[in-house]
Amino acid sequence: MRRRRLVVQKYGGSSVANPERITRVAQRVVAAKRTGADVVVVVSALGDTTDELLQLAAQISQDPPERELDMLMATGEQVSVALLAMAIHELDEDAVSFTGAQIGILTDGTHTKARIVAIPAQRVVKELAQNRIVIVAGFQGINLNQDITTLGRGGSDLTAVALAVALRADVCEIFTDVEGVYTADPRMVPDARKLTAISYDEMLEMASLGAQVMQARSIFVAKRFNIPIHVRSSFSQREGTMITKSAKAMEDIVVSGVTLQRDEAKVTIRDVPDKPGMAAEIFRELAGKGINVDMIVQNVSREGSTDLSFTVVKSDLPSTLRVARMVSHRIGAGEVTTDEGVAKLSIVGIGMRSHSGIAAKMFESMARERINIEMISTSEIKISCVIRKLHAERAVRAVHRAFGLSRERVATHRRPAAMLGA
């Protein structure tokens, strides 16, 4: 007997920001259920609840224990799932809500950015067999010590994709306040184009480089287990952007998007002894504290020492400085300085693998705007530059224009968006 279609839907905080929006989400969930599908829903906290809880914690402590932060932040989603279940009951459908711990989302022991280890799906399957809509609190789990953990910013995306893997869902639908994935942030580039399709690799790069549509870790899991993701708006019925495996037609698009990451900080350790093992010692200590280092630049040696610069996200800056100063003292290096006035601009595209001159075009577009580039890093499908934050939005518009990514130019000079992934 062929099983019923199974859909995992995730609704972000803006989609459930107030009772009216929760009711609209309930209507959408019920409509999906009445097509004959089994439906599992993952919900974020209402609106800006998570930020408000963090602000509340900051009024109590400047350095709260991470375990207690998780206890606090996980409460937001518990409110959302209960209210959505009530709204669905009002529409004469049966629904049941669960926290992450109740369905057994097991994580490692890291607080505030835990990783999912396993999801035993038995309880969800049992409820679906009773013809219920299952609603799960996103962003949270439980570790082996039975402590509540959270999955980091955007963690509800990860909850949804991981559930889709565990349940072998047909699709994971990510509902947000935008209609899909765009070639750039439409707030900065009004003529940015919505992509009909994008590959896992491109979306993974874009998410990790500042595109806020989805959490990067969720894309990694979707790619690993080949879970199709449909990013769409909870405020319209239009089709959004499909995230799937690479399609040959995607390679005809050299650059798929331009991203901007504003929450970067540059750290410089001055006068590092220029001898083997120094960089390894610095970055081993940072890794041991769970700090992800992004771009790295080492200056040319002078008189037996060199300056070493790297970037981290601002939220990691306090711990980064503690580690960097400790290591600098131990290895006999100089002072540690920081610069928070930087941003990272990136271009992403599978087509970059087979086209030359992409970097030159990117750099020339910024040179025409007299924007200086401080650091550069590349991979097979992306190029990133650190620039002054003051010039960031102007740089995004210049690069977007240089690669012809706007709606008008795409229509006249490029394959139509509907052909992407065809």
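Because the structure is a prediction, the values reported are computed rather than measured.

A. Here's a closer look at the sheet that holds strand 10 (residues 197–199). The strand order 3-6-2-1-9-11-12-10 describes an open sheet built from eight strands, whose pairing is mixed. Edge strands, defined here as strands with exactly one partner in the open sheet, are strand 3 (95–98) and strand 10. For this sheet, the mean angle separating the axes of adjacent strands, direction not counted, is 20 degrees. Strand direction decides the pairing type here: strand 11 (residues 229–233) and strand 12 (residues 241–244), joined by three bridges, are antiparallel. Across the sheet, residue histidine 230 finds its bridge partner in strand 12, namely methionine 242. Where helix 1 (residues 19–33) meets the sheet, its contacts fall on strand 1 (6–11), strand 2 (38–43), strand 6 (133–137), strand 9 (171–176) and strand 11, and the angle it forms with strand 1 comes to roughly 170 degrees.

B. Layout of the layout of surface pockets. In this model, the second largest pocket occupies a volume close to 160 Å³. Lining the second largest pocket are Arg3, Arg4, Leu6, Asp38, Val125, Leu128, Ala129 and Leu167. Per-element tally for the lining of the second largest pocket: the top contributor is helix 5 (residues 122–129), with three residues. Partitioning the lining of the second largest pocket into residue classes produces five nonpolar, no polar and three charged.

C. Expanded view of the sheet that holds strand 20 (residues 382–388). One open sheet accounts for four strands, arranged 13-18-20-19; its pairing is antiparallel. Each end of this open sheet is capped by a strand with a single partner; those strands are strand 13 (257–261) and strand 19 (375–379). For this sheet the average axis-to-axis angle between neighbouring strands, irrespective of direction, equals 20 degrees. The sheet contact formed by strand 18 (residues 342–348) and strand 20 spans seven bridges and is antiparallel. Counterpart to lysine 344 in the pairing with strand 20 is valine 386. Taken strand by strand, helix 11 (residues 358–368) contacts strand 18, strand 19 and strand 20, and its axis lies near 20 degrees from that of strand 20.

D. Broad picture of unusual backbone geometry. For asparagine 131, which is not glycine, the phi torsion reads 65 degrees and is therefore positive. Tracing the chain through its elements places asparagine 131 in the loop between helix 5 and strand 6. Backbone geometry places glutamine 146, a non-glycine residue, at a positive phi of 65 degrees. Within the secondary structure, glutamine 146 is located in the loop between strand 7 (140–142) and strand 8 (148–150). The class for glutamine 146 is exposed, based on a relative accessible area of 58%.

E. Inspection of the nonpolar core at higher detail. With 43 residues, the main nonpolar core has Val8, Val40, Cys172, Ile229 and Ile243 as its most contacted residues. Element by element, the count of residues in this core is highest for helix 6 (residues 155–167), at seven residues. Among all residues touching valine 40, those that are not within four sequence positions of it are Val7, Val8, Gln9, Val124, Leu128, Val134, Val136, Leu163 and Leu167. Among the nonpolar cores identified, the runner-up in size contains 26 residues, and Ala184, Val258, Cys385 and Ile387 belong to it.

F. Spatial organisation of helix 3 (residues 66–73). For helix 3, the set of buried residues is Leu69, Asp70 and Met73. Buried residues of helix 3, viewed axially, fall in a sector of 100 degrees; they line one side.

G. Spotlight on the packing of aromatic side chains. Enumeration according to the criterion identifies two aromatic pairs in this entry. Ring plane angle 75 degrees and centroid distance 5.5 Å describe the contact between phenylalanine 283 and phenylalanine 310, whose orientation is recorded as edge-to-face. A residue pair is termed long-range when its members are at least 10 positions apart, and phenylalanine 283 in helix 9 (residues 278–288) and phenylalanine 310 in strand 16 (residues 305–313) qualify at 27 residues. The two residues phenylalanine 283 and phenylalanine 310 agree in class, both being buried.

Thresholds, definitions, all that
Residues numbered from 1 in each chain as written. Predicted model: local features only at pLDDT ≥ 70, side-chain atom pairs only at ≥ 80, totals over all residues. Heavy atoms only, no water. Pairing = 2+ DSSP bridges. Helix = DSSP H or I, 4+ residues; strand = E, 2+ residues; numbered from the N terminus. Axes fitted to C-alpha atoms, helices over the stretch in contact; angles between N-to-C directions. Contact = heavy atoms within 4.5 Å. 1 Å grid on protein atoms, 1.4 Å probe; cavity = no way out; pocket = protein on both sides within 12 Å on 5 of 7 lines; lining within 4 Å. Points joined across faces, edges and corners; volume = space filled by probe spheres on them. Nonpolar A, V, L, I, M, F, W, Y, C, P; charged D, E, K, R; others polar. Buried < 20%, exposed > 50% of the residue type's maximum accessible area, 1.4 Å probe, protein only. Core = buried A, V, L, I, M, F, W, Y, C linked by side-chain atoms within 4.5 Å. Arc of directions from axis to C-beta. Phe/Tyr/Trp six-rings, centres within 6.5 Å; stacked < 30°, edge-to-face > 60°.

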